[in-house]
Amino acid sequence: RYEPSWGSLDVRPLPAWFDEAKFGVFIHWGVFSVPSFGSEWFWWYWQKEKREPYVKFMDTNYLPGFSYEDFGPLFTAEFFDPNQWADILKASGAKYVVLTSKHHEGFTLWGSKYSWNWNAVDVGPKRDLVAELATSVRNRTDLHFGLYHSLFEWFNPLFLEDATNAFKTRKFPISKSLPELYEIVTRYQPEIIWSDGDGNAPDTYWNSTGFLAWLYNDSPVRDTVVTNDRWGAGSICTHGGFYTCSDRYNPGHLLPHKWENCMTIDRSSWGYRRDAQLRDYLAIEDLVKQLVETVSCGGNLLMNIGPTHDGRIAVVFEERLRQVGAWLKVNGEAIYGTKPWRAQNDTVTPAVWYTFSPKEGKVNAIFLNWPVSGILELGEPQAKLGETQVKLAGYKELLKWVALGEKGMVIALPQLTPQQLPCQWGWTLQLTEIN
């Protein structure tokens, strides 16, 4: 059994499914989706920091005295079709999904006993959005279902009181944050608890180790659940399950500990923004590059979308997700279930990233630029004459190659028209019998 201490909790092995999954979809959805302006931090920027664009937006479009709480009933979700969401998630090739059950605004997407009149069952949609998505994902896909939960809440009076007392009092975690965590685990049995928002309070204030000991020892998901590293000030990149280290974390080299790159398709926001321009969204080439770099360095990619207040996944997000899924249909063997190889990227040709498929003993060289010459030079693999075979994923014939001395090889790519290419945006060479 695990003790409620980091020394004990940190030795728990990460359930194998998480490393094998490689790719998940993050969903930021809440009351902030109603103003859908600037950022999901709308309330904080408007009321606390009083940033000019946010103040002006409210002055121009809403009556004096309109409060953030007044957005609650406008979070309507009338077009929310959890089956359609599940089908899009499945088509993306993702193996897990993480839904924001509660962001820093404190509004819960389930009918929490601990969030009276500030939850999706009492206000707004009058639906248990967490339950509906969990059911559809489990019935229609093989994705693992996870939940994001913010420890702190910007404007909760109990939290603000504890903060004033330098966190010597613990009214907020005892009456709100911890009961919610136990509630979502017992009710929805998520296989990921993605914690966030420590409010600069230490893990002892949150009793994170006590909760995690229960989660790993006695909860209904004790054998399969994975957690991240955001459990109190100072725990990030140090304690917990997989490391996130920072938002959009992509170190570009191998790390000794399992990690995740959580990033957004919209460069500037996690929640939906009506004021976003097309150039604010990452192109599919950018997303494939992020996925390949992340996986080759031992990480998972968690790619975020922000649905609208009425429950739609905007067409631009759907398109990006389906494009990633189309790419993974051809190249998935070089991603799912792989391990990092001895080299992460090539020493001779830039934008070539390696993964290793242990079951087949294959080295995968994923290259993001198709060379004009039709010749690809790789500096890392040591090929063996008469034994090494080179295949292009999605193409039938074996490719011709020549070894370069001790290390390295030159590969002749097939002469294909753009229409004949097995996929776009990046291609995989599968190398067998490589030293």
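Under an unreviewed UniProt entry, the name given to the protein is alpha-L-fucosidase, and the organism recorded is Picathartes gymnocephalus. Under the UniProt heading Subunit (unreviewed entry), the note attached to the protein is "Homotetramer."

Let us look at the overall build of the protein. Within the protein one finds 12 helices and 14 strands. Computed over its C-alpha atoms, the radius of gyration of the protein comes to 23 Å, within 12% of the 22 Å expected for a compact globule of 435 residues. C-alpha extents for the protein along the principal axes are approximately 75 × 50 × 40 Å. Put simply, the protein has 435 residues, and 58% of those count as buried. A fraction of 70% describes how many contacts in the protein between residues 6 or more apart in sequence connect residues 24 or more apart. Carbon together with sulfur atoms contributes 52% to the accessible area of the protein, which is approximately 18,100 Å² in total. When the 42 positive and 50 negative side-chain charges of the protein are each reduced to one mean point, those points stand 2 Å apart.

Next up on the list: the domain arrangement of the protein. Each assigned domain of the protein is listed here: domain 1 (6-334) and domain 2 (339-432). Between domain 1 and domain 2, the C-alpha centre-to-centre distance is 37 Å. Of the residues lining the interface, 19 residues belong to domain 1; the matching set on domain 2 comes to 21 residues. The closest approach of N and O atoms between Lys-339 and Asp-19, which form a salt bridge, is 2.8 Å. One can count seven residue pairs in polar contact (both at pLDDT 80 or more) joining domain 1 with domain 2. Where the side of domain 1 that touches domain 2 is concerned, the elements lending two or more residues are α11 (284-296) and α12 (315-331). Element by element, the count of residues in the side of domain 1 that touches domain 2 is highest for α11, at eight residues.

Attention now moves to the UniProt feature "domain: Glycoside hydrolase family 29 N-terminal" (unreviewed entry) in the protein. Here the UniProt-annotated "domain: Glycoside hydrolase family 29 N-terminal" (unreviewed entry) positions come out as residues 1-333. From the first C-alpha to the last, residues 1-333 spans 36 Å; its make-up is 36% helix and 12% strand.

Attention now moves to the nonpolar core. Soluble globular proteins tend to pack their nonpolar side chains together in the buried interior. Within the largest apolar cluster, 124 residues are counted, with the highest numbers of intra-cluster contacts made by Trp-327, Leu-378, Ile-411 and Leu-429. Both domains that furnish three or more residues to this core are identified here as domain 1 (6-334) and domain 2 (339-432). Setting aside residues no more than four positions away along its own chain, Leu-429 makes contact with Val-363, Asn-364, Ala-365, Phe-367, Leu-376, Leu-378, Val-390, Lys-391, Leu-392, Leu-399, Ile-411 and Leu-413. Counting residues in each nonpolar core, the second largest holds 14 residues, with Trp-17, Phe-18, Ala-21 and Ile-192 among its members.

Turning our eyes to something else, we now look at the sheet that holds strand β2 (residues 96-102). Taken together, the seven strands give an open sheet; going across it, the order is β5-β4-β3-β2-β1-β7-β6, and neighbouring strands pair in parallel fashion. In the strand order of this sheet, the two ends are held by β5 (226-227) and β6 (259-264), each with one partner. In the sheet, β6 pairs with strand β7 (residues 299-305) via six bridges, with the strands oriented parallel. Considered in β7, the bridge of Thr-264 is made with Asn-304. The strands touched by helix α8 (residues 171-188) are β2, β3 (144-150) and β4 (192-196); relative to β3, the strand with the most contacts, the crossing angle is about 170°.

A few words on the UniProt feature "domain: Alpha-L-fucosidase C-terminal" (unreviewed entry) in the protein. In the UniProt entry, the feature "domain: Alpha-L-fucosidase C-terminal" (unreviewed entry) is given for residues 344-432. Helix makes up 0% of residues 344-432 and strand makes up 38%, while its end C-alpha atoms are separated by 17 Å.

Take the packing of aromatic side chains next. Here the structure, examined in full by the defined rule, presents 56 aromatic pairs. If you follow Arg-12 out to its NZ or CZ, it ends over the ring of Tyr-216, 4.0 Å from the centre. The ring of Trp-341 is capped by Arg-342, whose NZ or CZ atom sits 4.3 Å from the centre of that ring.

Along an α-helix, residues three or four apart share an orientation, since each turn contains 3.6 residues. Measuring from the backbone nitrogen of Leu-158 back to the side-chain oxygen at the start of helix α7 (residues 157-164) gives 2.9 Å, which picks out Asn-156 as the cap. Just past α7, the residue Ala-166 takes up positive phi, approximately 55°.

Let us now look at the sheet that holds strand β12 (residues 400-403). Pairing in this open sheet of three strands is antiparallel, and the strands run β10-β13-β12 from one edge to the other. Two strands close off the open sheet at either side, each with one partner strand: β10 (375-378) and β12. Here the strands of the sheet are splayed against their neighbours by 20° on average, with no regard to which way each runs. Here four bridges tie β10 to strand β13 (residues 409-412), and the two strands are oriented antiparallel to one another.

Two side chains carrying opposite charge are able to pair once their charged atoms lie near each other. Per the stated rule, a full pass over the model turns up 27 salt bridges. A salt bridge links Asp-266 to Arg-273; the nearest nitrogen and oxygen atoms lie 2.8 Å apart. Arg-273 shares its class with Asp-266; the two are buried. Notably, a salt bridge pairs Lys-362 with Glu-333, separated by 2.9 Å at the nearest N-O pair.

For the structure on display, the rule yields one disulfide. The side chain of Cys-237 participates in a disulfide bridge whose partner is Cys-245; the two sulfur atoms lie 2.0 Å from each other. Between Cys-237 and Cys-245 the sulfur-sulfur dihedral comes to about 70°; the bridge is accordingly right-handed. Owing to a relative accessible area of 15%, Cys-245 belongs among the buried residues under this scheme.

The next subject is the environment of Tyr-182. Along the chain, Tyr-182 falls in helix α8. In this structure the C-alpha to C-alpha distance between Tyr-182 and Thr-428, which are 246 residues apart in sequence, comes to 43 Å. Not counting the four nearest positions on each side in its chain, Tyr-182 is found in contact with Gly-210, Phe-211 and Trp-214.

Reading the values: the criteria
- Residues numbered from 1 in each chain as written.
- Predicted model: local features only at pLDDT ≥ 70, side-chain atom pairs only at ≥ 80, totals over all residues.
- Heavy atoms only, no water.
- UniProt positions renumbered as here; feature names shortened; annotations may be inferred.
- Helix = DSSP H or I, 4+ residues; strand = E, 2+ residues; numbered from the N terminus.
- Rg over C-alpha atoms; globule rule 2.2 N^0.38 Å.
- Buried < 20%, exposed > 50% of the residue type's maximum accessible area, 1.4 Å probe, protein only.
- Contact = heavy atoms within 4.5 Å.
- Areas by Shrake-Rupley, 256 points an atom, 1.4 Å probe, with all protein chains shown as cover.
- Lys, Arg positive; Asp, Glu negative; His and termini not counted.
- Charge placed at Lys NZ, Arg CZ, Asp CG, Glu CD.
- Domains from an automatic or database assignment.
- Salt bridge = Lys/Arg side-chain N within 4 Å of Asp/Glu carboxyl O.
- Polar contact = N/O pair within 3.5 Å; in protein donor to acceptor, adjacent residues only side chain to side chain.
- Core = buried A, V, L, I, M, F, W, Y, C linked by side-chain atoms within 4.5 Å.
- Pairing = 2+ DSSP bridges.
- Axes fitted to C-alpha atoms, helices over the stretch in contact; angles between N-to-C directions.
- Phe/Tyr/Trp six-rings, centres within 6.5 Å; stacked < 30°, edge-to-face > 60°.
- Lys NZ or Arg CZ within 6 Å of the ring centre and 35° of its normal.
- Disulfide = S-S within 2.5 Å.

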